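Architecture and fold: a report
One letter stands for each residue in the lines below.
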Amino acid sequence: MKRVRPSLVFALVGVVLGALVFIVQARWRAEQARAAWFAARPARPDLAAWPEPFRGRVAAAEARVDRDPVALGELARLYHANGFLAEAEHAYRALLALDPDEPRWPHLLAALLASYGRLDEALPQLRKTVELAPGYSPARLHLADALVKLNQPDEAVAAYRALLAITPRNPHAQLGLARLALGAGHLADAREALQKAIATDEKFSAAHSLLATVEERLGHEEAAKAERASATAGGRFREAPDPWTDALNGFCYDVYRLQVIAAGSTASRRWREALPPLERALSLAPDNAGTHRQLGKVFLGLGEFPRARELLERAVALEPRNPAAYLDLISVYRAANDLPAGLRSLESGLALCPEDAGLHYEYALALLATRRPEEAVPHLEAARRLSPEKPLAARDLVSTYFRLNREREAAAVLEESLAQQPEFPPFLVMAARYRIMKGDATGAASLIVRARAAGAVPGDLAGLAGDFQRHFGRPAP
Amino acid sequence: MNRAPVMPLPVFVRACCLASAVLVATTSGCRRSEVAVAAAASAPAPSVFHADYVRPAPVGAPVEGRPWIAQVTTVDLDGDGLVDILACEAQKNQIVWLRQTARGKFEEQILAADIAGPVHVEAVDIDGDGDLDLLVASMGQVFPTNEKLGSVIILENDGHQHFTKHIIADHVARVTDVRAGDFNRDGKPDLAVALFGYDQGEIRWMENLGDWQFRSHNLLNLSGAINVLIADFNGDGAPDIAAVVAQQWEEIHLFQNDGSGNFTDKVIYGSTNEDFGSSGISLCDLNRDGRPDILYTNGDGFDYAEPGARPWHGVQWLENLGHGFFKYHRIGNLPGAYSPVGVDLDGDGAIDVVAVSGFNDWKNPQSASLMVFQNDGRMNFSPHLLAHAPTHLMTLAAGDLDGSGRPVLITGGFHAYGPWDRMSRVSVWRRAAAAPDTGKK
């Protein structure tokens, strides 16, 4: 028998052992990695009160965590989007270690920490995100904004400029630079930055309102007034789009949070954007009156009146003692010019909510629109009594009394209302008109001056001036 | 040749895995027991607080309609030795005085009924005649508007609690707070003013020129100012101003005074969450180190959406580290948190933090309207529910109303939205008789 050479045996054994060690090490590493992913899974909080789709998605993600790294990211976002701070933070921090090259994890962790007020802890995560994803502009914006709030204005300016280097027309970066310039008293710089922001987004209300302040400081009152009007027309402040955090909405199963997300869109008249969260909210809680109301108002905004009517009528049926539901619905009837249905709905609402000022006021308006002023009077009186801080009911009550030739009552309400709200232009205009009618030139003149100072509508002031001239034969002051 | 038996590879790997599993299990077991020991060591003693620790009693006029009490504060307005309550009724445009005529007996008087949307009143002797005048912040209209309807008003006391109205600033952005401090050290109290506005707002200080004349100095041009606080925050001997601005800014600013009325602005806290909901700040030396700290709530839920809470609402404090530096600490969660007050409620020598909720989920009867965060003396806070009702509490004060050395809480109900079934106006909360004492005082 041929003898095998010992060196060959040793070599063979060496190879086999080497292969074994390699395989064992690889398996060991894989096991360790699997254990690490498994350990990264946050302890499940009590989810008993949560909807089944959420619990199911959490359970499915948990089951996959040790063999599918994507699942931990899903779990983190599920907890984040539904208000589970500790669990989401735990998962994100684990992801930072296990998946260190993915920029979304520090970005989302920063968003989580910042939303709960822990901005100093968010800052390193924001820096990390910018390092990993230098081209992702929302991360740069968040970093710059955070630096402002952490009282590092010079670094913030540099961060805004770095952002403008990659997105030269970024209006939020211009807004940030403008507020820093305004804070430092550099009005011209602030104005320039805000004008650039508005040139990019003419409906950017935050830029308009800050520009109104700058114009005021510069003594440009007319320009300030125009900016204030643009700010109001622009609607609510909008955060800059951030696809990575905006995607969290798809993980949300909290009906109220979905309603809040949608309200953020509708407040700036982005109706279509509000549909997905509201539709999800409706699927989670089909009998939630609030969702029906919101969705109805979205369709109203979109001009889809039949759908709006259907949803708002359902909202009233679900919550018949909520006066706001009737008030929403009246807008649909008004848009459809269906006054009889509006009156019927308001009557039902008043039967169940007799102490609601808004319902009394709307009902009075509907009665006035159908030429029933006598019937409108008690409802205007009720609206005024129930909400004395709102002047419109008093204004309409005064004019209705005058229309019905109930002069003494009109004068009494006018006097009381003017004492309570001495700068409300309609009261001043009506009081001036009354003084003219009574031949009191001095009183009328004084009220015209006050009405002008209070910013009464130019048409009303012109009318008063004409009446004054006709009655007293001289121009109004 | 006899070869040593070789363990089959799968067995070897399984053995390795088993060993590693044992190792992991042992290690985790260690960790668990360590955690358990640590938890046992740090387990807090049972708290004296419970849901019936303090009980509310209405004072003053009864609830009629839907009260809008925007603020309550305590002061001995008539100097009779009994602490009274002042309140702002923002819907009825009233400043009311709940005068304590005898211990525990209150008589309500309307001091002013023509101040549009009053939301803050502060008693201070502005004219130096020895009686307390009233500084009033008037929003003009509480609900959002860009109209310049705000005013700063001083009600001058003739010494017999008859008041004459002085309008110090008018047709300005809606005013939410006014406080007094002598910023330029000329011996006359000046004013720090928060103008919330809506899209446009401001922080300013108003220099007292005498004879009810004031000159305005702008400090900050951001909307959403809620509160101003005056204290020597940086320890240089001059009164500084701290202010919180909400809206999309969500920041707390410190305006450091050089002693002559020249201020330097510094952001001492901010959130990039534009829905953070800053709702108020108050002064309190929480850690008793001699430096004024700032208590801070975020709980505003009345903006663009249906009123309600957010998961990040809660109570926090900014620890004053000296020289204008502050450190943020979260105290605890409270949906809809408003009006933080530092007070040693259980008499254990450590200042607890009490806060109310203005925007909780009131359809759920278990939602908290009053909570205390009990301080263990080392600035560790444990939350305790004090009440579920009345609901919609937007303002809180604490004072020794009874002269017993024990604090009494005072709350105000602001019922701008439903449900309307657990309403209150002004309530005083005293300890329930059966409540156990800590015995540590």
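Rules used throughout
- Residues numbered from 1 in each chain as written.
- Chains lettered and ligands numbered in written order.
- Predicted model: local features only at pLDDT ≥ 70, side-chain atom pairs only at ≥ 80, totals over all residues.
- Heavy atoms only, no water.
- Helix = DSSP H or I, 4+ residues; strand = E, 2+ residues; numbered from the N terminus.
- Rg over C-alpha atoms; globule rule 2.2 N^0.38 Å.
- Contact = heavy atoms within 4.5 Å.
- Areas by Shrake-Rupley, 256 points an atom, 1.4 Å probe, with all protein chains shown as cover.
- Lys, Arg positive; Asp, Glu negative; His and termini not counted.
- Charge placed at Lys NZ, Arg CZ, Asp CG, Glu CD.
- Pairing = 2+ DSSP bridges.
- Axes fitted to C-alpha atoms, helices over the stretch in contact; angles between N-to-C directions.
- Buried < 20%, exposed > 50% of the residue type's maximum accessible area, 1.4 Å probe, protein only.
- Parallel < 35°, antiparallel > 145°, perpendicular 65-115°, else oblique.
- Left-handed = near helix turned anticlockwise from the far one by under 90°.
- Nonpolar A, V, L, I, M, F, W, Y, C, P; charged D, E, K, R; others polar.
- Core = buried A, V, L, I, M, F, W, Y, C linked by side-chain atoms within 4.5 Å.
- Patch = residues over 30% accessible without salt bridge, like charges linked within 9 Å, V, L, I, M, F, W, Y side chains within 5 Å.
- Salt bridge = Lys/Arg side-chain N within 4 Å of Asp/Glu carboxyl O.
- Buried area = accessible area lost by both parts, 1.4 Å probe.
- Polar contact = N/O pair within 3.5 Å; in protein donor to acceptor, adjacent residues only side chain to side chain.
- Domains from an automatic or database assignment.
- pLDDT = per-residue confidence, 0-100.
- 1 Å grid on protein atoms, 1.4 Å probe; cavity = no way out; pocket = protein on both sides within 12 Å on 5 of 7 lines; lining within 4 Å.
- Points joined across faces, edges and corners; volume = space filled by probe spheres on them.

**Notes on the overall build of chain A**
Of regular secondary structure, chain A possesses 26 helices and zero strands. A compact globule built from 477 residues would reach a C-alpha radius of gyration of about 23 Å, whereas chain A, at 33 Å, exceeds it by more than 25%. For the C-alpha atoms alone, the extent of chain A along its principal axes is close to 140 × 55 × 30 Å. For chain A, the share of sequence-separated contacts (at least 6 apart) that also reach a separation of at least 24 residues comes to 54%. In the form shown here, chain A has an accessible surface area of approximately 22,800 Å², with 56% of it arising from carbon and sulfur atoms. Distance between charge centroids for chain A: 4 Å, based on 60 positive and 57 negative side chains.

**With respect to the sheet that holds strand β28 (residues 426-431) of chain B**
Residue and element names in this part refer to chain B. In space, the four strands of this open sheet follow the order β1-β28-β27-β26, with antiparallel pairing throughout. Every interior strand has two partners, whereas the edge strands, β1 (54-59) and β26 (393-399), have only one. This sheet shows a mean twist of 30° between the axes of neighbouring strands, independent of strand direction.

**Examining the environment of I154 of chain B**
All names here are of chain B. With respect to the element layout, I154 can be found in strand β8 (residues 150-157). Judged by its relative accessible area of 0%, I154 falls in the buried class. As for I154 and V54, which are separated by 100 residues in sequence, their C-alpha atoms are 35 Å apart. In this structure I154 touches I126, D133, L134, L135, T164, K165, H166, I168, L191, W212 and F214, once residues within four positions along its chain are discounted.

**Looking at the packing of helix α9 (residues 171-183) of chain A against helix α10 (residues 187-200) of chain A**
Residues and elements named next belong to chain A. Relative orientation of the contacting elements α9 and α10 amounts to 165°, with a least axis distance of 8 Å. When the axis of α9 is compared with that of α10, the two are roughly antiparallel. At the point where α9 passes α10, the crossing takes the left-handed sense. Across the interface between the two elements, P171, Q174, L175, A178, A181 and L182 from α9 touch L187, D189, A190, A193, L194, K196, A197 and T200 from α10. Within the contact of α9 with α10, the residues separate by chemical class into ten nonpolar, two polar and two charged.

**Details of the nonpolar core**
By size, the foremost hydrophobic cluster in this structure holds 79 residues, and its most contacted members are Y92 and Y160 of chain A together with I294 of chain B. Those residues in contact with I294 of chain B, other than ones at most four positions away along the chain, are L229, F233, A242, I268, I281, S282, C284, Q316, W317, L318 and F326 of chain B.

**A look at a nonpolar patch on the surface**
Residues and elements named next belong to chain A. On the surface, V9, V13 and L17 cluster together into a nonpolar patch covering about 230 Å² of accessible area. Mapping V13 onto the fold places it in helix α1 (residues 6-40). Judged by relative accessible area, V13 falls into the partly exposed class, the value being 42%.

**Considering the packing of helix α24 (residues 425-437) of chain A against helix α25 (residues 441-453) of chain A**
Residue and element names in this part refer to chain A. It is at 8 Å that the axes of α24 and α25 come closest, and there the two elements cross at 160°. When the axes of α24 and α25 are compared, the pair comes out roughly antiparallel. The crossing of α24 and α25 is left-handed. Taking contact as the criterion, the partners of L428, V429, A431, A432, R435 and I436 in α24 are, on α25, G443, A444, L447, I448, R450 and A451. Residue composition of the contact of α24 with α25, by class: nine nonpolar, one polar and two charged.

**Description of the interface of chain A and chain B**
Facing 49 residues of chain A, the contacting portion of chain B comprises 47 residues. Summed over both partners, the interface of chain A with chain B buries about 4,400 Å², with 56% contributed by carbon and sulfur atoms. At the boundary of chain A with chain B, the tally comes to six salt bridges. For E319 of chain A, the salt bridge goes to K363 of chain B, with nearest N and O atoms at 3.2 Å. Linking chain A with chain B are 15 residue pairs in polar contact (both at pLDDT 80 or more), by the criterion used here. For the side of chain A that touches chain B, the leading source of residues is helix α11 (residues 205-217) of chain A, giving seven residues. Grouping the constituent residues of the side of chain A that touches chain B by class yields 21 nonpolar, ten polar and 18 charged.

**Describing the domain arrangement of chain A**
Looking at the assigned domains, one finds that chain A contains domain 1 (33-41 + 52-90) and domain 2 (410-477). When each unit is reduced to the centre of its C-alpha atoms, the spacing between domain 1 of chain A and domain 2 of chain A is 68 Å.

**Re the confidence of the model for chain B**
Interpretation of this model should avoid reading the predicted coordinates in detail wherever pLDDT is low. Residue and element names in this part refer to chain B. Looking at chain B as a whole, the pLDDT averages 88, with 87% of positions reaching at least 70. Across residues 1-42, where pLDDT falls below 50, the model places eleven contacts with residues more than four positions away in sequence or in other chains. For the stretch residues 434-441, pLDDT sits under 50, and the model shows 16 contacts to residues farther than four places along the chain or on other chains. Reported confidences for the modelled complex are a pTM of 0.82 and an ipTM of 0.79.

**Observations regarding empty space enclosed by the protein**
Enumeration according to the criterion identifies five cavities of 30 Å³ or more in this entry. Each pocket or cavity is described by its volume, and for the largest cavity that value is around 310 Å³. For the largest cavity, the lining is made up of 23 residues, of which D145, K149 and F237 of chain A together with Q248 and T272 of chain B are closest to its centre. At the level of secondary structure, the elements contributing two or more residues to the lining of the largest cavity comprise α7 (137-149) and α9 of chain A. If you tally residues by element for the lining of the largest cavity, the top one is α7 of chain A, at six residues. Looking at the lining of the largest cavity residue by residue, the classes come out as nine nonpolar, seven polar and seven charged.

**Overview of the sheet that holds strand β16 (residues 251-257) of chain B**
Consider a sheet: its strands pair through backbone hydrogen bonds, and that pairing is either parallel or antiparallel. Spatially, the four strands line up as an open sheet ordered β14-β15-β16-β17 (chain B), and their pairing is antiparallel. Of all strands in the sheet, those with a lone pairing partner are β14 (225-231) and β17 (263-270) of chain B, marking the two edges. Averaged over all neighbouring strand pairs, the angle between strand axes comes to 20°, with direction disregarded. Summarising the sheet, β14 of chain B and strand β15 (residues 240-245) of chain B pair through six bridges and their orientation is antiparallel. Paired with A225 of chain B across the bridge in β15 of chain B is V245 of chain B. Its contacts with the sheet place α7 of chain A against β16 and β17 of chain B, and it is angled at close to 125° to β17 of chain B.

**Quick word on the pattern of salt bridges**
Residue and element names in this part refer to chain A. Taken as a whole and judged by the stated rule, the model has 48 salt bridges over all chains. Taking the shortest distance from any N to any O, the salt bridge between E131 and K128 comes out at 3.9 Å. Residue E131 and its partner K128 are both found in helix α6 (residues 119-132); the two are separated by three residues, about one turn of the helix. We classify E131 as exposed; its relative accessible area is 59%. Using a relative accessible area of 33% as the deciding quantity, one classes K128 as partly exposed. Each of E89, R93, R118 and E121 takes part in a single network of salt bridges with overlapping partners.

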